[in-house]
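Understanding the architecture of this molecule
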Amino acid sequence: SMTAVYDENALAERLAALPQVTGASPTSDASIAPWDEEKGFVIIPETEGTQLDLEKLTAAVKDALARGEASLDLEAAGCYKEITVRADDPALIALRDAMNKSASAEITYQFGSQSVVLPGTETAGWLSAGADGTVSVNRDQAAAFVAGLAAEHDTAQTARTFHTTRGTDVTLTGPYGWKIDQAAETDALIAAVQAGESTVREPVYSSRGASHDGSDYGNTYVEVDIAGQHVYFYKDGSLVWDAPCVTGNLSKNYGTPDGIYGLYYKQQDKVLRGAKRADGTYEYESPVKYWMPFNGGIGLHDADWRSSFGGTIYKTNGSHGCVNLPPSKVKELYDYLYKNVPVICHS
């Protein structure tokens, strides 16, 4: 028996140069055209051409060579590219309808009394036909929209003006406030667009403020006046509690930092410990009855080891950064406070 011997690369080149390959008219499946403002999403019908499937052609030619045949019937050998999706395909029609539904839906984002409307005509440009017959949304475009919302509406870590009890206005930054969780909101936005329903939503936040209108910290907050060594608690705009305090020791560079913070939590009966020494002991160990942390290891708490508060004690005999309060006054403040209540420190 004869064995056909040929060079794979030379064969591939010869086949690619055949007039039946180079001169073929394209064959294409029915598909969905990109969004058109006037027509919406429409189906582009399939086209029956003379395009050859190079893989099938190569296999058929190798087979013919192996059998020593001098001619090959391309059609009989199934070498032409076949249409797999036609314009009347029910799945394609359903997908087109789903894409048009998404393009007619409107997503409204609510920020207090402000709203941002994202029309379907904008999100339509993000859509394409997914390989699995679903509406595919371009993540980069959705993420860019969400990034724009965050740039416009996030307040955490931005400069804000605070009106102090002593009547001055100070500019402060800090972690408290609104911050959109951009990755989670992008996921949620993609799902909302795919669902194709008009909807009003609030973004997914990684951090929240008290208000979108006016100051994000609202009018219920703790104010720590470092220069005045005094703490105030305002509830719904009214001063309901205040006391002298001792903050971080300035002479040792432990000064309590300025900023707008949210209370992490509150806890009773806690032992506050300093850094651990090589011998396993701690720089300090202070049991407190009421612990209210808001900035790393810094918190408000009672300090029964102090006999006086306020004045200039903090400059040379202050804390390691915490806000020390008179034991007789602390429980009342503790009862007022809750997770994420703003704590505003200014010096």
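So, here is what we can say about the structure in this document. (Residues numbered from 1 in each chain as written. Predicted model: local features only at pLDDT ≥ 70, side-chain atom pairs only at ≥ 80, totals over all residues. Heavy atoms only, no water.)

What follows covers the overall build of the protein. Looking only at helices and strands, the protein features 9 helices and 20 strands. By the compact-globule yardstick of 20 Å for 347 residues, the protein is too spread out, its C-alpha radius of gyration being 35 Å. Its C-alpha atoms give the protein principal-axis dimensions of about 110 × 55 × 30 Å. In the protein, the share of contacts with a sequence separation of at least 24, taken over all contacts with a separation of at least 6, comes to 62%. Roughly 18500 Å² of accessible area belongs to the protein as shown, and the carbon and sulfur atoms make up 49% of that amount. Between the mean site of the 28 positive side-chain charges and the mean site of the 46 negative ones, the protein shows a separation of 13 Å. (Helix = DSSP H or I, 4+ residues; strand = E, 2+ residues; numbered from the N terminus. Rg over C-alpha atoms; globule rule 2.2 N^0.38 Å. Contact = heavy atoms within 4.5 Å. Areas by Shrake-Rupley, 256 points an atom, 1.4 Å probe, with all protein chains shown as cover. Lys, Arg positive; Asp, Glu negative; His and termini not counted. Charge placed at Lys NZ, Arg CZ, Asp CG, Glu CD.)

This next bit is on the packing of aromatic side chains. Applying the stated criterion across every chain yields a total of 11 aromatic pairs. Aromatic side chains Phe162 and Tyr217 sit 5.7 Å apart centroid to centroid with 70 degrees between the ring planes, which places their arrangement in the edge-to-face category. With Phe162 in strand 7 (residues 160-163) and Tyr217 in the loop between strand 11 (205-207) and strand 12 (221-225), this pair connects stretches of sequence that are 55 residues apart. When its relative accessible area of 6% is taken as the criterion, Tyr217 is described as buried. Through successive ring pairs, a cluster of aromatic residues spans Phe162, Tyr217, Tyr221 and Tyr234. Lying over the aromatic face of Tyr334, Lys266 brings its terminal NZ or CZ to 4.7 Å of the ring centre. Here the guanidinium or amino end of Arg273 rests over the ring plane of Tyr282, the centre of that ring lying 5.5 Å away. (Phe/Tyr/Trp six-rings, centres within 6.5 Å; stacked < 30°, edge-to-face > 60°. Buried < 20%, exposed > 50% of the residue type's maximum accessible area, 1.4 Å probe, protein only. Lys NZ or Arg CZ within 6 Å of the ring centre and 35° of its normal.)

For the rest of this paragraph, the subject is the side chain of Thr164. With respect to the element layout, Thr164 can be found in the loop between strand 7 and strand 8 (169-172). Look at Thr164 and you get buried, because its relative accessible area is 3%. Excluding its chain neighbours within four sequence positions, the residues that come into contact with Thr164 are Val170, Glu223 and His346.

With mixed pairing, the 4 strands of this open sheet are ordered in space as 16-17-18-19. With partners counted over all chains shown, the strands left at the sheet margins are strand 16 (267-273) and strand 19 (323-325), one partner each. On average, each strand axis in the sheet is inclined to that of its neighbour by 45 degrees, with strand direction left out of account. Inspection of the sheet shows strand 18 (residues 298-302) paired to strand 19 by 3 bridges, in the parallel sense. Looking across to strand 19, one finds that His301 is bridged to Asn324. Of the strands in this sheet, strand 16, strand 17 (285-295), strand 18 and strand 19 are in contact with helix 9 (residues 327-336), which crosses strand 17 at around 40 degrees. (Pairing = 2+ DSSP bridges. Axes fitted to C-alpha atoms, helices over the stretch in contact; angles between N-to-C directions.)

Within a sheet, adjacent strands bond to each other through the backbone by hydrogen bonds, running parallel or antiparallel. Spatially, 3 strands are ordered 4-3-10 in an open sheet, and the strand pairing comes out mixed. Two strands in the sheet have a free side with no partner beyond their single neighbour: strand 4 (114-118) and strand 10 (199-201). Sheet twist, expressed as the mean angle between neighbouring strand axes with direction ignored, is 25 degrees. Two strands pair when backbone bridges link them, and strand 3 (residues 107-111) and strand 10 are joined in this way by 3 bridges, in the parallel orientation. Pairing of Ile107 across the sheet is with Thr199, part of strand 10. On top of the sheet, helix 6 (residues 139-153) reaches strand 3 and strand 4; it is set at about 165 degrees to strand 4, its chief contact. Contacts from helix 7 (residues 182-195) reach strand 3, strand 4 and strand 10 within the one sheet, and its direction differs from that of strand 3 by about 145 degrees.

All right, on to the environment of Thr173 then. In this structure, Thr173 sits in the loop between strand 8 and strand 9 (179-180). Looking at Thr173, the relative accessible area reads 41%, which means it is partly exposed. As a C-alpha pair, Thr173 and His346 span 173 residues in sequence and 10 Å in three-dimensional space. If sequence neighbours within four positions are ignored, Thr173 has contacts with Gln157, Thr158, Ala159, Arg160, Gly259 and Ile260.

This part covers the packing of helix 1 (residues 8-17) against helix 3 (residues 54-66). Axis separation between helix 1 and helix 3 bottoms out at 11 Å; the angle between their running directions is 120 degrees. On the basis of the axis angle, helix 1 is oblique to helix 3. In the packing of helix 1 onto helix 3, the handedness of the crossing is right-handed. Residue-level contacts link Glu8, Leu11 and Leu15 of helix 1 to Leu57, Thr58, Val61 and Lys62 of helix 3. Looking at the contact of helix 1 with helix 3 residue by residue, the class counts come to 4 nonpolar, 1 polar and 2 charged. (Parallel < 35°, antiparallel > 145°, perpendicular 65-115°, else oblique. Left-handed = near helix turned anticlockwise from the far one by under 90°. Nonpolar A, V, L, I, M, F, W, Y, C, P; charged D, E, K, R; others polar.)

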